[in-house]
2 protein chains.
Amino acid sequence: MSNVPTSSRPADTGAGGASPAKSAAGTAAGTAAGTAPVSSVPHMKWWGWGVEGVAFTYGNKPDFAPFVKKAVGLDLSLPAESPIAFEDLVVPPSRATDDFLALCSTLIGQGHVVTDDHDRVVHTYGKSIRDLLRIRANLLPRTPDVVLYPADEREVQAIVEAVVNQDAVIIPFGGGTNISGSLEPRPEETRIVVSLDVGRLNRVLDIDEGSGLARIQAGAQGPDIEKQLAERGWTMGHFPDSFTHSTLGGWVATRSSGMQSDKYGDIADIVRGLRLVRPGGIVDLRPVPSTSTGPSVREMILGSEGRLGVITEVTVQVHRVPAVRDVIGYFFPTWEAGLAAMREIAESDASPSITRVSDARESGFSFATRKASTGVTAAGTKALMRVLTARGWDLDALCLSFIGYEGSASHVRYEKHLVGQIVRRHGGIGVGKGPGALYDQKKFDTPYIRDFLLDRGAAADVSETAAPWSRLQEVYDEAIAAANRAYADLGVHGWIMCHLSHSYHSGACLYFTFAFVTGDDPLGEYQQVKSAVQQAFVDHGATLSHHHAVGVEHAPWMEDDISAEGVAILRGLFESADPGENFNPGKVLLG
Amino acid sequence: MSNVPTSSRPADTGAGGASPAKSAAGTAAGTAAGTAPVSSVPHMKWWGWGVEGVAFTYGNKPDFAPFVKKAVGLDLSLPAESPIAFEDLVVPPSRATDDFLALCSTLIGQGHVVTDDHDRVVHTYGKSIRDLLRIRANLLPRTPDVVLYPADEREVQAIVEAVVNQDAVIIPFGGGTNISGSLEPRPEETRIVVSLDVGRLNRVLDIDEGSGLARIQAGAQGPDIEKQLAERGWTMGHFPDSFTHSTLGGWVATRSSGMQSDKYGDIADIVRGLRLVRPGGIVDLRPVPSTSTGPSVREMILGSEGRLGVITEVTVQVHRVPAVRDVIGYFFPTWEAGLAAMREIAESDASPSITRVSDARESGFSFATRKASTGVTAAGTKALMRVLTARGWDLDALCLSFIGYEGSASHVRYEKHLVGQIVRRHGGIGVGKGPGALYDQKKFDTPYIRDFLLDRGAAADVSETAAPWSRLQEVYDEAIAAANRAYADLGVHGWIMCHLSHSYHSGACLYFTFAFVTGDDPLGEYQQVKSAVQQAFVDHGATLSHHHAVGVEHAPWMEDDISAEGVAILRGLFESADPGENFNPGKVLLG
């Protein structure tokens, strides 16, 4: 990444400082770049994941540097490069006319109509590696022309009417964590582009304790929601990797899934009621547990990525905080054994809250990011490894698994018993709560590691999918082979690892993470690897994405995924609901 | 019902003969009316539910006649009237042109292109009380002009292309069990109307044993499916009340739900892959366990009632036949106690396959339809009732409940233990497997009782809904009050009873059955009662229908259910997918 100019942002040396999520909480974005925050709505760094002042460090993780050296050939002792400085960015001027801005000010108040460069840059992209590569390469062909922060649904309605009347474009914005290109304006867009930030709609409005339903505003972020619910003894149980910064509205608009989905369901299961603002008025879907009244409008809004209107309020299922919540670690001798065990658990009478198994490479990565002082102690680990070697295990093939249990103490005991029998039948062993606690502690850190590597010239990203159980091994083999072929073609030292998570009756999600040291054309190289993996998915019976939506990133494969006639039906839906192409055009289906 | 002429069909005396489902299996429809079957596809009676030769009888049910007398004031000792004879029906002539029929014969073979009156009448309506009242009143304003029986998907595609090219109308037809008016042609339709009967597409094509997925043709009926699956040790677990005659394609097109949905899910959960034939080609949705790729086209086809095309093939989740399947009976002292127990079970760690509780009136009905020799013995019942009375129970308020358990023997024991604790906390008691066996034995009989009563001048029908737990008591009270107000307005002796079934995390289904002796205008009287109940649903936070779809019967309340803007989105979907209104126009949304 030698073509990225250095900036005034102090390069993180990487060898010291606190772990992510341990430093001070979210300061408003923009501080590092010297611009003042213009809204009370907190945003992530414009140049990377998370809040200013929090970064990944490896000083207390002795195995990390050797692991990275081996995996992608990167020497962490070399100094990091800093990304571009904000003041060096070439930000296109706002095309919002004075009349348009005056109209917006009338509707929501001047203080909530923002055209400054920093806000417009923050609202241009999500946080995919492609987004970060582009922003660091000073590629901002089109930004929103104005960011609007409405206070409530009534103001959202007023904006929506105005945008359509003025033939402008509206892109709803939640936490900005999207990694599929769902937020960026079309480069060729000549109309005024509004980024509608719902960050001020962040409250839990009501809990129906008799039904386990909570009415929540769309702009509420994960921690806000869980905190407000926990005060009354409830949880939504939705914990995607983006949890700390993503919003309920974003989860719905992109069909998100959380790590405890085996128990709580995907967001599509959790959402019962919805309010969606459209030019003609509000789609108001009342919360009912199930209904047979025609094609599901609820399921049309789920995954609509702003193309049908602006989600303002969602009624979700909430659950009493369980008496016990345990995450137990297991080791399997091989990936195949882990996969078979997960399938048998899904078919069994057991119903754990988390089922997850990493392949040998991802297990190695987990061990390498372990702090010296936590988890299974070094001595204990060594002793265990000696036992496993004596049993004939190939330690390089060892796969780490986590299984979560929730409920009453006796129910958790019962479930552990059922699962334990299955694990043993597949040659696995339980290794206690240590790895589970480690998993809980690290689960939201991965994006920080991605940014750390990017500062050092390595691009890392994820591709995930879902397929029937009988095809998972094939999808796994083919996706890895496709990535390795792409690495060979590019002549780069690449890495790809995988875990299974989110089990269903008929299949599961496979989640791949890949990384390589970039050369002269980071974006092109990334695109080649990413495309190879996605093509392998659809060629082998798997979907484009289990929980990262479509955006523009996955749109080229939509016909492969749902067939040309399926795309035709979807296109008809979008065109009939938005004949003027005012609502986030170009997403989900290519324009 | 004195305005219905008698016919040559021998009136069932009602006091003798076999129980339903015990007589000879399905002869082709039409035998009684003297017309010959024209296709190998079996159909139900043109004038009522089920197959010829099977009818409800009460000779061995001593409590039935007194119960009916008390409930609706009907004296079963009076002779039954027979419905109209087929030869007295005024069947509109077919409008299919010779050219159109010749074209169809070219596409699928002359023997599968049927224009005879009997087939066209069978394909005109479903089996709602409104359908039966109309056919018995000789109201056939519009029938299909031709019934087509394609052999396979290729022939379906050819028909679909031809129908659109010729600007005809196509109405897909499965088992003909629909009770919401999803099958009838619009009375004012001037174009040729084709009823596309998918009855020849009736095979289980493939079982993916590694994933628990089966690929099944859309025209396969319930018993066909379960028989073909059972031969290999699998079950789909989908048992709607219509099971014996309805088809997989019909279940999907109307969002059906089966009595074991608590474990197996509604059809919307069970369906993973789909093939839908459209003029441009086939929507091919591959079976994936979950996906985030945009608004769900799968969920648009579910509940589409033929408006988007013709479903030819469905990939569904299937499960290993469980080692143990028990249905246990429970008594609750009041409806409120039963409701509270069901809610607590749904919130608990237990996961039964069936949760069902009847109100006091429906419990009384269940006891009244009990055979003298089965179920809880009379002596045992009397002893138990004495014990309950001594405990202070009001036996007139007693509510009968069934809870189903499936899995390994030890798992079923564990679940029964969890549920038993909850039942006891709400004052209920377990009464063993006897009532459960009775429930299993009678579960598909209700429509035969409906026809039996109709022969004797009483109209009976059902309305069902779903709502959040916190609103169920209100919905229950208001629906019953609405029905009783309608009865009072009409000056009839009416009856309404209810059970809760299909529990979810946030709510459940309430299923009402109502009956009254009709006067001079049976259709108008029925409409008044039905409308009162449906209006109560939508006025009190409940949906129009939990599992009986929309058709034309429920269409007037769609805006109340999903809001005007929700209807606008749905209308846009239909209009964009079917600009020529060739696919079952007028269903789901009024034209």
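Everything below is about the structure shown above.
Here we take up the overall build of chain A. When helices and strands are tallied, chain A shows 20 helices and 18 strands. For 591 residues, the compact-globule estimate of 2.2 N^0.38 gives 25 Å, and chain A sits close to it at 24 Å. By principal-axis analysis of the C-alpha atoms, chain A measures approximately 75 × 55 × 45 Å. Counting over 591 residues, chain A shows a buried share of 64%.

Another aspect to go through is the pattern of salt bridges. For the coordinates displayed, the defined rule picks out 60 salt bridges over all chains. The shortest N-O distance in the salt bridge between Asp131 of chain A and Arg134 of chain A comes to 2.7 Å. Of this pair, Asp131 of chain A and Arg134 of chain A both sit in helix H4 (residues 129-136), separated by three residues, roughly a single helical turn. Accessibility classification places Asp131 of chain A together with Arg134 of chain A in one group, the buried group. For Glu581 of chain B, the salt bridge goes to Arg186 of chain B, with nearest N and O atoms at 3.6 Å.

Looking now at the packing of helix H17 (residues 469-490) of chain A against helix H18 (residues 522-539) of chain A. Residues and elements named next belong to chain A. Closest axis-to-axis distance for the H17/H18 pair is 8 Å, and the angle between their directions is 155 degrees. What the angle tells us is that H17 and H18 run roughly antiparallel. Both H17 and H18 take part in a crossing whose hand is right-handed. On the side of H17, the interface is formed by Val475, Glu478, Ala479, Ala482, Ala483, Ala486, Tyr487, Asp489 and Leu490, while H18 contributes Glu525, Gln528, Val529, Ala532, Val533, Ala536 and Phe537. Considering only residue class, the contact of H17 with H18 consists of 12 nonpolar, one polar and three charged.

It is worth spelling out helix H11 (residues 335-347) of chain B at this point. For H11 of chain B, which comprises 13 residues, the first-to-last C-alpha distance of 19 Å matches the rise-based estimate of 18 Å (1.5 Å per residue) to within 8%. Buried within H11 of chain B are the following residues: Trp335, Ala337, Gly338, Leu339, Ala341, Met342 and Ile345 of chain B.

With that settled, consider the environment of Phe331 of chain A. Residues and elements named next belong to chain A. Inspection of the secondary structure puts Phe331 in strand S12 (residues 324-332). Considering only alpha carbons, one finds Phe331 and Val431, 100 residues apart in sequence, at a separation of 7.0 Å. Beyond its immediate stretch of four places on either side in the chain, Phe331 contacts Phe367, Leu384, Met385, Leu388, Trp393, Leu398, Cys399, Leu400, Gly428, Ile429 and Val431.

A few words now on the environment of Ala151 of chain A. With respect to the element layout, Ala151 of chain A can be found in the loop between strand S2 (146-148) and helix H5 (153-165). In sequence terms Ala151 of chain A and Thr254 of chain A are 103 residues apart; their C-alpha atoms lie 23 Å from each other.

Next up on the list: the sheet that holds strand S15 (residues 429-432) of chain B. All names here are of chain B. Spatially, seven strands are ordered S15-S12-S14-S13-S17-S18-S16 in an open sheet, and the strand pairing comes out antiparallel. Both outer strands of the open sheet, S15 and strand S16 (458-468), are each paired with one neighbouring strand and no more. Each strand of the sheet is rotated relative to its neighbour by a mean of 25 degrees, with strand direction disregarded. Pairing of strand S13 (residues 354-358) with strand S14 (residues 399-407), which is carried by four bridges, proceeds in the antiparallel orientation. The partner of Arg356 across the bridge, within S14, is Phe402. Where helix H14 (residues 409-425) meets the sheet, it contacts strand S12 (324-332), S14 and S15, and its direction lies at approximately 150 degrees from that of S14.

With that settled, the discussion passes to the interface of chain B and chain A. At the interface, 84 residues of chain B touch 84 residues of chain A. Carbon and sulfur atoms supply 56% of the area that chain B and chain A bury against each other, a total of about 6,200 Å² over both sides. By the criterion of area lost to chain A, the three top residues of chain B are Arg286, Ser292 and Ile569 of chain B, representing 12% of everything that side buries. Run the count over chain B and chain A and you get six salt bridges. Residue Arg286 of chain A pairs with Asp561 of chain B through a salt bridge whose shortest N-O separation is 2.8 Å. Taken together, chain B and chain A are joined by 50 residue pairs in polar contact (both at pLDDT 80 or more). When residues of the side of chain B that touches chain A are assigned to their parent elements, the largest contribution, eight residues, is made by helix H20 (residues 564-577) of chain B. In terms of residue class, the side of chain B that touches chain A is built from 33 nonpolar, 34 polar and 17 charged.

Bringing the sheet that holds strand S6 (residues 213-217) of chain B into the picture now. Residues and elements named next belong to chain B. Pairing is antiparallel in the open sheet, where five strands are placed in the order S5-S6-S10-S8-S9. Pairing within the sheet leaves two strands with one partner each, and these edge strands are strand S5 (204-208) and strand S9 (281-285). Strand-to-strand twist of the sheet, defined as the mean angle between neighbouring strand axes without regard to direction, takes the value 10 degrees. In this sheet, strand S10 (residues 310-317) lies alongside S6 in antiparallel orientation, the contact comprising five bridges. When the bridges of S10 are listed, Arg215 appears paired with Thr315. Strands S5 and S6 of the sheet are contacted by helix H6 (residues 222-230), whose axis makes an angle of about 45 degrees with S5.

Describing two packed helices takes the angle between their axes plus the distance from one axis to the other. Closest axis-to-axis distance for the helix H14 (residues 409-425) of chain A/H14 of chain B pair is 13 Å, and the angle between their directions is 175 degrees. Between H14 of chain A and H14 of chain B, the crossing angle belongs to the class labelled roughly antiparallel. Counting all contacts with H14 of chain A, which are made through Ser410, His411 and Tyr414 of chain A, the residues of H14 of chain B involved are Ser410, His411 and Tyr414 of chain B. Taken together, the residues of the contact of H14 of chain A with H14 of chain B break down into two nonpolar, four polar and no charged.

Residues and elements named next belong to chain A. With 22 residues, H17 extends 32 Å between its outermost C-alpha atoms, agreeing within 8% with the 32 Å of an ideal straight helix rising 1.5 Å per residue. Here H17 has its buried residues at Trp469, Leu472, Val475, Tyr476, Ala479, Ile480, Ala482, Ala483, Ala486 and Tyr487. If you follow the buried residues of H17, they end up packed against helix H11 (335-347), helix H12 (360-368), strand S16 (458-468), strand S17 (494-503), strand S18 (507-517) and H18.

Another aspect to go through is the packing of aromatic side chains. Two numbers describe a pair of aromatic rings. These are the distance of the centres and the angle of the planes. Evaluation of the coordinates by the stated rule reveals 31 aromatic pairs over all chains. Their ring planes at 50 degrees and their centres at 5.9 Å tell us that Tyr487 of chain A and Phe516 of chain A sit as a pair that is tilted. Of the two residues, Tyr487 of chain A is situated in helix H17 and Phe516 of chain A in strand S18; the sequence distance between them amounts to 29 residues. The two residues Tyr487 of chain A and Phe516 of chain A agree in class, both being buried. Ring plane angle 65 degrees and centroid distance 6.1 Å describe the contact between Phe64 of chain B and Phe452 of chain B, whose orientation is recorded as edge-to-face. Placement of Phe64 of chain B in helix H1 (residues 64-72) and of Phe452 of chain B in helix H16 (residues 446-454) is noted, with a sequence separation of 388 residues between them. Chaining the aromatic ring pairs together yields one cluster made of Phe56, Tyr58, Phe64 and Phe452 of chain A. One cation-aromatic arrangement involves Lys263 of chain A over Tyr264 of chain A; the distance from NZ or CZ to the ring centre is 5.3 Å.

What follows covers the relation of the copies chain B and chain A. Placing chain B over chain A gives an RMSD of 0.0 Å and needs a rotation angle of 180 degrees, together with 0.0 Å of translation along the axis. The two molecules are tied by a two-fold rotation axis, judged by turn and shift. Relative to the rotation axis, the closest C-alpha in chain B is found at Leu573 of chain B, a distance of 2.4 Å. Residue by residue, 100% of the interface of chain B is reproduced at the interface of chain A, so both copies engage with the same surface.

Time to look at the pairing of strand S14 (residues 399-407) of chain A. Residue and element names in this part refer to chain A. Most of S14 is tucked away: nine of the nine residues are buried. Side chains Cys399, Ser401, Ile403, Tyr405 and Gly407 of S14 all project onto a buried face; the interleaved residues Leu400, Phe402, Gly404 and Glu406 project onto the opposite face, where all are buried too. Relative to S14, S12 runs antiparallel, the two being bridged by nine bridges. Opposite Val327, over in S14, you have Gly404 as the bridge partner.

Residues and elements named next belong to chain B. Burial analysis of strand S18 (residues 507-517) places 10 of its 11 residues in the buried class, which makes it a mostly covered element. Of the pairings in the sheet, the one linking S16 to S18 comprises 11 bridges and is antiparallel in character. When the sheet's bridge partners are listed, Thr465 is paired in S18 with Leu510. Two strands pair when backbone bridges link them, and strand S17 (residues 494-503) and S18 are joined in this way by nine bridges, in the antiparallel orientation. Bridged to Trp495 within S18 is Ala515. The hairpin formed by S17 and S18 contains three residues between the paired strands.

What counts and what doesn't
- Residues numbered from 1 in each chain as written.
- Chains lettered and ligands numbered in written order.
- Predicted model: local features only at pLDDT ≥ 70, side-chain atom pairs only at ≥ 80, totals over all residues.
- Heavy atoms only, no water.
- Helix = DSSP H or I, 4+ residues; strand = E, 2+ residues; numbered from the N terminus.
- Rg over C-alpha atoms; globule rule 2.2 N^0.38 Å.
- Buried < 20%, exposed > 50% of the residue type's maximum accessible area, 1.4 Å probe, protein only.
- Salt bridge = Lys/Arg side-chain N within 4 Å of Asp/Glu carboxyl O.
- Axes fitted to C-alpha atoms, helices over the stretch in contact; angles between N-to-C directions.
- Parallel < 35°, antiparallel > 145°, perpendicular 65-115°, else oblique.
- Left-handed = near helix turned anticlockwise from the far one by under 90°.
- Contact = heavy atoms within 4.5 Å.
- Nonpolar A, V, L, I, M, F, W, Y, C, P; charged D, E, K, R; others polar.
- Expected span 1.5 Å × (residues − 1).
- Pairing = 2+ DSSP bridges.
- Buried area = accessible area lost by both parts, 1.4 Å probe.
- Polar contact = N/O pair within 3.5 Å; in protein donor to acceptor, adjacent residues only side chain to side chain.
- Phe/Tyr/Trp six-rings, centres within 6.5 Å; stacked < 30°, edge-to-face > 60°.
- Lys NZ or Arg CZ within 6 Å of the ring centre and 35° of its normal.
- Least-squares fit on C-alpha atoms with pLDDT ≥ 70 in both.

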